[in-house]
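Each chain, written out:
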Amino acid sequence: MIHLFKKIRQQLIKDNKLRKYLAYAIGEVLLVVIGIVLALQFSNWNQKSNEIKKEIWYLDNIANDMFNQQESLKYLKTYYDDVLNISKNILTDYKRNMSFKQVDSLSLKLNQLMISNTFPNIDNTYKELVSSGQVALIENDSLVLNIIDFYIYNNELEKIFSVNQKELFYGEIYPVLNKYAVVDLLPVLDNEDLVYEDKTITNYLSKILETPKNKLELTNAIKNKILVISDYKVNVDESLKMINNMIIAIDNEIALLE
């Protein structure tokens, strides 16, 4: 093609047809310009296509992280419901006789209250998106702001849960529960060789729990556990609603991009 243009150009010059040559030259320049424009458009289209693929990848993985967090929160909610039921049952049984002697399986129930959980903040993809400086890949400004707000909220809850666990639970509640219960090893044992009842210890615990001071200490620890878990449960319910709305919004955005 280049040789053809060159041959035509030389022939026009040789024939001294300047006007035709100028028209030809302009046409040749226009063809080059059009070629460059098309190449740039293709390059831009290709770049945009790659950016959309990255955007979909980030959104899809953020949605997956949210789904996994949702499953963890559902587990927490079930655990919190169990803890609240156990705590209320202990206090109800205690109220009947104002004594812990008639509380069924008190030590076992206190063991269940000695379990503590942190807030499951699963934000690996979001952190990678922010650290890589590619937040701008997500062009839906409203969606970006909602994602950022969601993880700010999660980070705050994670801090609250962590501080409460360290200062309130392990600082105040756990020591009291542990003081009046025999630690249960059954959940971590392959067999029941180390599971037994020491009547001497059982009688000792029953006796010391008859003093007003110790009754107050244990009932307050159980009540504080109820207060903390009730507050946590509200946070978990709110998080589950947010996650459900976020996943729907992200899936809708991905459908538009695809």
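Thresholds, definitions, all that
- Residues numbered from 1 in each chain as written.
- Predicted model: local features only at pLDDT ≥ 70, side-chain atom pairs only at ≥ 80, totals over all residues.
- Heavy atoms only, no water.
- Helix = DSSP H or I, 4+ residues; strand = E, 2+ residues; numbered from the N terminus.
- Buried < 20%, exposed > 50% of the residue type's maximum accessible area, 1.4 Å probe, protein only.
- Areas by Shrake-Rupley, 256 points an atom, 1.4 Å probe, with all protein chains shown as cover.
- Core = buried A, V, L, I, M, F, W, Y, C linked by side-chain atoms within 4.5 Å.
- Contact = heavy atoms within 4.5 Å.
- Phe/Tyr/Trp six-rings, centres within 6.5 Å; stacked < 30°, edge-to-face > 60°.
- Expected span 1.5 Å × (residues − 1).
- Bend = angle between axes of the 7 residues up to and from the residue.
- Polar contact = N/O pair within 3.5 Å; in protein donor to acceptor, adjacent residues only side chain to side chain.
- Salt bridge = Lys/Arg side-chain N within 4 Å of Asp/Glu carboxyl O.
- pLDDT = per-residue confidence, 0-100.
- Axes fitted to C-alpha atoms, helices over the stretch in contact; angles between N-to-C directions.
- Parallel < 35°, antiparallel > 145°, perpendicular 65-115°, else oblique.
- Left-handed = near helix turned anticlockwise from the far one by under 90°.
- Nonpolar A, V, L, I, M, F, W, Y, C, P; charged D, E, K, R; others polar.

With that settled, the discussion passes to the overall build of the protein chain. A tally of regular secondary structure across the protein chain gives seven helices and zero strands. Mapped in sequence order, the helices and strands of the protein chain form the string α-α-α-α-α-α-α. Residue burial in the protein chain is summarised as follows: out of 258 residues, 32% are buried. Carbon and sulfur atoms form 57% of the exposed surface of the protein chain, whose accessible area is close to 16700 Å².

The tendency in soluble globular proteins is for nonpolar side chains to be buried as a group. Residues Leu110, Ile147 and Ile250 are the most contacted members of the largest nonpolar core, which totals 57 residues. Setting aside chain neighbours within four positions, we find Ile147 in contact with Leu59, Ile62, Tyr126, Ile138, Met246 and Ile250.

On to the environment of Leu108. You can see Leu108 is positioned in helix 3 (residues 106-113). Classification of Leu108 as partly exposed rests on a relative accessible area of 45%.

To continue, consider unusual backbone geometry. Unlike most non-glycine residues, Met98 shows phi in positive territory, near 50 degrees. Assignment of secondary structure puts Met98 in the loop between helix 2 (18-97) and helix 3. Positive phi, close to 50 degrees, is recorded for Ser105, a residue that is not glycine.

Two numbers describe a pair of aromatic rings. These are the distance of the centres and the angle of the planes. This model, assessed by the stated rule, comprises 11 aromatic pairs. When the centroid spacing of 5.1 Å and the interplanar angle of 85 degrees are considered together, the rings of Trp57 and Tyr58 count as edge-to-face. Ring centres of Phe150 and Tyr151 lie 5.0 Å apart, and the angle between their planes is 80 degrees; this geometry places the pair in the edge-to-face category. The class for Phe150 is buried, based on a relative accessible area of 0%. Taken together, Tyr79, Tyr80, Phe119, Phe161 and Tyr232 form an aromatic cluster joined through their ring pairs.

Time to look at helix 5 (residues 141-179). Across its 39 residues, helix 5 extends 54 Å between first and last C-alpha, which sits within 8% of the 57 Å expected from 1.5 Å per residue. Of all the bends found along helix 5, the most pronounced is centred on Phe169 and spans about 50 degrees. For helix 5, the side-chain oxygen to backbone nitrogen distance between the N-cap and Ser142 is 3.2 Å, and the N-cap itself is Asn140.

The subject of this paragraph is the pattern of salt bridges. By the definition in use, this model includes seven salt bridges. Put simply, Lys127 and Asp123 hold a salt bridge, and the shortest N to O gap is 3.8 Å. The buried category is assigned to Asp123, whose relative accessible area is 5%. Through salt bridges that share partners, Lys77, Asp81, Lys233 and Asp237 make up one connected network.

With respect to the helices, strands and loops of the structure, Asp65 is situated in helix 2. The contact partners of Asp65, leaving out residues within four places of it in the chain, are Ile122, Asp123, Asn124, Thr125 and Tyr151.

Secondary-structure assignment places Glu128 in helix 4 (residues 124-131). The partly exposed category is assigned to Glu128, whose relative accessible area is 34%. Taking the C-alpha atoms as reference, Glu128 lies 9.1 Å from Tyr58; in sequence the two are 70 residues apart. Among all residues touching Glu128, those that are not within four sequence positions of it are Trp57 and Tyr58.

The subject of this paragraph is the confidence of the model for the protein chain. Low-pLDDT portions of the prediction should not be read for the details of their coordinates. Per-residue confidence for the protein chain averages 86 on the pLDDT scale, and 78% of its residues sit at or above 70. Here helix 1 (residues 2-14) stands out as the least confident element of the protein chain, with mean pLDDT 54; helix 7 (residues 212-257) is the most confident, with 96.

Attention now moves to the packing of helix 5 against helix 7. Where helix 5 meets helix 7, the closest approach of the two axes is 10 Å, and the angle between their N-to-C directions is 165 degrees. In this view, helix 5 runs roughly antiparallel relative to helix 7, as classed from their interaxial angle. Once helix 5 is placed against helix 7, the crossing between them reads as left-handed. In the contact of helix 5 with helix 7, the residues fall into 22 nonpolar, seven polar and five charged.

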